Amino acid sequence: MLRHPAYHAARAEGALAQLGERHNGIVEVSGSIPLGSTILLYNYCPLYEAFVMNLEDYQVANRKIWQARAKDYIAPAEKAWHSHEAYWGIWNTPESELQLLPTKLDGCRCIELGCGAGYVSSWMARRDGQVVGIDPAANQLKTASRLEEQYQLGIEFVEGFCEALPFPDSCFDFAISEYGASLWANPFRWIPEASRVLKTGGRLVFMTDHAFAVCCVPDDGNWRAPMSERLLRPYHDLFKHQWNSSSHEVEFHLSHGDWVQLLRDNNFVIERLVEVGATAKSSSRFGYADANWASKWPAEEVWCARLSA
Ligand SMILES: C[S@@+](CC[C@H](N)C(=O)[O-])C[C@H]1O[C@@H](n2cnc3c(N)ncnc32)[C@H](O)[C@@H]1O
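Summary of the structure given here. Predicted, not measured: the structure shown is a model, and the values here were computed from it. (Residues numbered from 1 in each chain as written. Predicted model: local features only at pLDDT ≥ 70, side-chain atom pairs only at ≥ 80, totals over all residues.)

## Concerning the overall build of the protein
Secondary structure summary: the protein contains twelve helices and 14 strands in total. Expressed as a percentage of the 309 residues in the protein, the buried residues total 42%. Sequence-distant contacts, at least 24 apart, represent 68% of the contacts inside the protein between residues at least 6 apart. (Helix = DSSP H or I, 4+ residues; strand = E, 2+ residues; numbered from the N terminus. Buried ≥ 20, exposed ≤ 12 C-beta atoms within 10 Å, placed from the backbone. Contact = placed C-beta atoms within 7 Å.)

Structural data, given as structure tokens:
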């Protein structure tokens, strides 16, 4: 049994219900976490990450970039929390078109993997789900917690990485990621974790950039340059991708064949692959989004899968 300072601090403050055995190098949280609490598990002990979690360089780099970017995501998050209607991705595609969320989530334990400022969590909570959002960037969670305080939806926000989820096996019914773990975490680590924490029959939905788009985005420092109508980089080399023109953050992309294999290897049955485009008149707050291009090719993809027995 690992007894690191976080254990005692959290226990003393009554912040965590129960911390149990180590799992995947982190302390497993068992029992239910009090509603409405923000749990800064790793903040209590910086040495914990170094000695117990063995963070990889890309995790440190990605967290750093999202700590800095968090301020740019405050206003969009406020708008999205305010909206009762869900909308998705770079084109704000309405839920009525994509149907990614079950209409009712009452009695369901839901997790948002890489929740950022937590607006997807708010949409699940408004459908009566019992929701946890996890993200490694404390600044993003600060916005999420403030908005939770404002709207009082009973969402729990946990600071952590999706490559090692601090939750017991088989405890969630529904897991979702919109450009969170789906883009920024190593899929060969977070997909097995999603499979572990979902109950049999539980569903996983995740949205990320479409492979076509990743192959066609120019990488010359001008994020407003039109998308190329030719492939600019090899499809099979996208796995751990760093843009030349960007800082040190690392994205993860898989070919469709590799996603299928990885999901199947982790007991998922694929229900849908939704390829999301736009109309030539669509608008986006993201500089790289090119409506004309996306009216011809999908810019985003959503995988919907169910955990089999
Ligand atoms: C684009 S935001 C996603 C949240 C929200 N849906 C949005 O689009 O604003 C990306 C989030 O992924 C988080 N992230 C980065 N690395 C992660 C990891 N290894 N596990 C989980 N989340 C991660 C970042 O901290 C950031 O908040």
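Anyway, onward from the coordinates.
## Section: the pairing of strand β14 (residues 300-307)
For a regular strand, side chains alternate in direction, first toward one face of the sheet and then toward the other. Most of β14 sits inside the fold, with six of its eight residues counted as buried. The sheet contact formed by strand β13 (residues 268-276) and β14 spans eight bridges and is antiparallel. In the strand pairing of β14, V274 is matched with V302. (Pairing = 2+ DSSP bridges.)

## Concerning the environment of E251
As for its placement among the helices and strands, E251 is situated in strand β12 (residues 251-252). Overall, the presence of 19 C-beta atoms within 10 Å leaves E251 in the partly exposed class. Between the C-alpha atoms of E251 and H241, which are ten residues apart in sequence, the distance is 5.1 Å. With near-sequence residues (within four places) excluded, E251 lies in contact with L183, W184 and H241.

## Things to note about the site of the ligand
The full set close to the ligand counts 21 residues, and W66, G114, G116, A137 and W184 are the nearest of them. Going through the elements one at a time, α3 (57-69) and α8 (181-184) are the ones with two or more residues in the shell around the ligand. Tallied by class, the residues present in the shell around the ligand amount to twelve nonpolar, six polar and three charged. (Near = placed C-beta within 6 Å. Nonpolar A, V, L, I, M, F, W, Y, C, P; charged D, E, K, R; others polar.)

## A closer look at the pairing of strand β6 (residues 109-113)
With five of five residues buried, β6 is to be regarded as a mostly interior element. Residues R109, I111 and L113 of β6 are buried on one face, and the alternating residues C110 and E112, pointing to the opposite face, are buried as well. Where β6 lies against strand β7 (residues 130-135), five bridges are found, and the strand directions are parallel. If you follow C110 over to β7, its bridge partner there is V131. The parallel pair β6 and β7, bridged by helix α6 (residues 119-126), forms a crossover whose chirality is right-handed. Two elements, β6 and strand β9 (residues 172-178), share three bridges in a ladder whose sense is parallel. Bridge pairing in β9 links E112 to I176. (Right-handed = clockwise from strand over helix to strand, strands pointing away.)

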